[in-house]
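Listed below are the residues making up each chain.
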Amino acid sequence: MAEVEKSAPTVEEAIEAALTELGVSEQEARIEVVQEPRSGIVGIGAQPAVVRVRSAAPAGAADDIDVGEQADVAAEFLEGLLEEMGVAADVEINDTGGSTYVEIWGGEDPEGMGRLIGRRGLTLEALQDIVRSAVQQRTGERCLVLVDVEDYRKRRRSQVEHQAQDVGRRVKKTGRPETLPPMGAYERKVVHDAIAGVGGLETSSEGEEPNRRVVVRRSG
């Protein structure tokens, strides 16, 4: 069973790097968060996120994780956070496409929802990191729930998957590498998984945040 340990500024980036090196999707791996990131004070005491990822995880490797409990913890945390922020919104738990989402809805405050999503979804990713850390501290388990705002993550996932598949088919046909637009760590993982489904291609992430991009090439 292949195993790698990676560090990065965020858990998502560390997981992405490990999955890319192993050449597997998240569904084909067993992931352990060894260390949560810490910003420190003026850079002093800062620490990166560290993850350990094993490929070909046995079926049911995540069966012991109570995702329902995690969702309840995440929802409670978000409700408190939104109240502190003065954002009027409802928090709901839903299962969609095999994933559990803690969803934020604020029909009467579209501007507030826009702030929670942020440019290219970067604020939403920061929110995901905060929730992930809170859930792990409370349960002692890797957080498997996803935070979404007004279905933004689901819509973007579908868009990114289709974009990646189109790029993959072109690269497979022409043999010329292509670079996708800058994306956050979550969306880059969506691209890696989508390209893996095309076959005969490989991906790598290049550049620095927040302008890190996925490059698609023919494999071999």
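Residues numbered from 1 in each chain as written. Predicted model: local features only at pLDDT ≥ 70, side-chain atom pairs only at ≥ 80, totals over all residues. Heavy atoms only, no water.

**Here we look at a negative patch on the surface**
A contiguous patch of negative charge, built from Glu79, Asp90, Glu92 and Glu108, is present on the exposed surface. Tracing the backbone shows Glu108 in the loop between β5 (99-105) and α3 (110-117). (Patch = residues over 30% accessible without salt bridge, like charges linked within 9 Å, V, L, I, M, F, W, Y side chains within 5 Å. Areas by Shrake-Rupley, 256 points an atom, 1.4 Å probe, with all protein chains shown as cover. Salt bridge = Lys/Arg side-chain N within 4 Å of Asp/Glu carboxyl O. Lys, Arg positive; Asp, Glu negative; His and termini not counted. Charge placed at Lys NZ, Arg CZ, Asp CG, Glu CD. Helix = DSSP H or I, 4+ residues; strand = E, 2+ residues; numbered from the N terminus.)

**Topic: the sheet that holds strand β2 (residues 29-35)**
Here we have three strands laid out as an open sheet, ordered β1-β3-β2, and antiparallel in their pairing. Bordering the open sheet on either side are β1 (3-8) and β2, each of which pairs with just one other strand. Strand-to-strand twist across the sheet, computed as the mean angle between neighbouring axes with direction ignored, equals 20°. In this sheet, strand β3 (residues 49-55) lies alongside β2 in antiparallel orientation, the contact comprising six bridges. Directly across from Ile31, in β3, lies its bridge partner Val53. Across the sheet, helix α1 (residues 11-22) lies against β1, β2 and β3, angled at about 145° from β1, the strand it touches most. (Pairing = 2+ DSSP bridges. Axes fitted to C-alpha atoms, helices over the stretch in contact; angles between N-to-C directions. Contact = heavy atoms within 4.5 Å.)

**Points about the packing of aromatic side chains**
All chains considered together, the criterion is met by zero aromatic pairs. For Arg153, the ring lying beneath its charged end belongs to Tyr186, and the centroid distance is 4.4 Å. Over the ring of Tyr101 we find Lys154; its NZ or CZ atom is 4.2 Å from the centre of that ring. (Phe/Tyr/Trp six-rings, centres within 6.5 Å; stacked < 30°, edge-to-face > 60°. Lys NZ or Arg CZ within 6 Å of the ring centre and 35° of its normal.)

**Considerations on helix α6 (residues 185-198)**
With 14 residues, α6 should cover 20 Å at 1.5 Å per step; its first-to-last C-alpha distance of 20 Å lies within 8% of that length. The element α6 is extensively covered by neighbouring structure, given that ten of its 14 residues are classed as buried. Along α6, the residues classified as buried are Ala185, Tyr186, Glu187, Arg188, Lys189, Val190, Val191, His192, Ala194 and Ile195. Taken from the residues just after α6, Gly199 is the one with a positive phi, measuring 85°. (Expected span 1.5 Å × (residues − 1). Buried < 20%, exposed > 50% of the residue type's maximum accessible area, 1.4 Å probe, protein only.)

**Regarding the nonpolar core**
Leu78, Val102, Ile104, Leu116, Val147 and Val149 are the most contacted members of the largest nonpolar core, which totals 22 residues. Secondary structure elements with two or more residues in this core: α2 (67-85), β5, α3, α4 (122-139) and β6 (146-149). Per-element tally for this core: the top contributor is α2, with six residues. Filtering out sequence-adjacent residues up to four positions away, Ile104 remains in contact with Leu78, Leu82, Ala89, Asp90, Met113, Leu116, Leu127, Val147, Asp148, Val149 and Glu150. Formed by 16 residues, the second largest nonpolar core is a distinct cluster that contains Ala164, Leu180, Tyr186 and Val216. (Core = buried A, V, L, I, M, F, W, Y, C linked by side-chain atoms within 4.5 Å.)

**What to know about the pattern of salt bridges**
Here the structure, examined in full by the defined rule, presents 21 salt bridges. Residue Lys6 pairs with Glu21 through a salt bridge whose shortest N-O separation is 2.6 Å. Pair noted here: Lys6 is in strand β1 and Glu21 is in helix α1, with a separation of 15 residues, a long-range link. Across the pair Glu32 and Arg54 runs a salt bridge, and its minimum N-O distance is 3.8 Å. Residue Glu32 is found in strand β2, and its partner Arg54 is found in strand β3; the two are separated by 22 residues along the sequence. One network of salt bridges, in which partners are shared, links Glu3, Glu5, Glu32, Arg52 and Arg54.

**A few points about the packing of α1 against α6**
At their nearest, the axes of α1 and α6 sit 9 Å apart, and the two run at 20° to each other. Relative to α6, the element α1 is oriented roughly parallel. You can see that α1 and α6 cross each other, and the crossing is left-handed. Within the contact between the two elements, α1 uses Glu12, Glu13, Ile15, Glu16, Leu19 and Thr20 and α6 uses Ala185, Tyr186, Arg188, Lys189 and His192. Grouping the amino acids of the contact of α1 with α6 by side-chain chemistry returns four nonpolar, two polar and five charged. (Parallel < 35°, antiparallel > 145°, perpendicular 65-115°, else oblique. Left-handed = near helix turned anticlockwise from the far one by under 90°. Nonpolar A, V, L, I, M, F, W, Y, C, P; charged D, E, K, R; others polar.)

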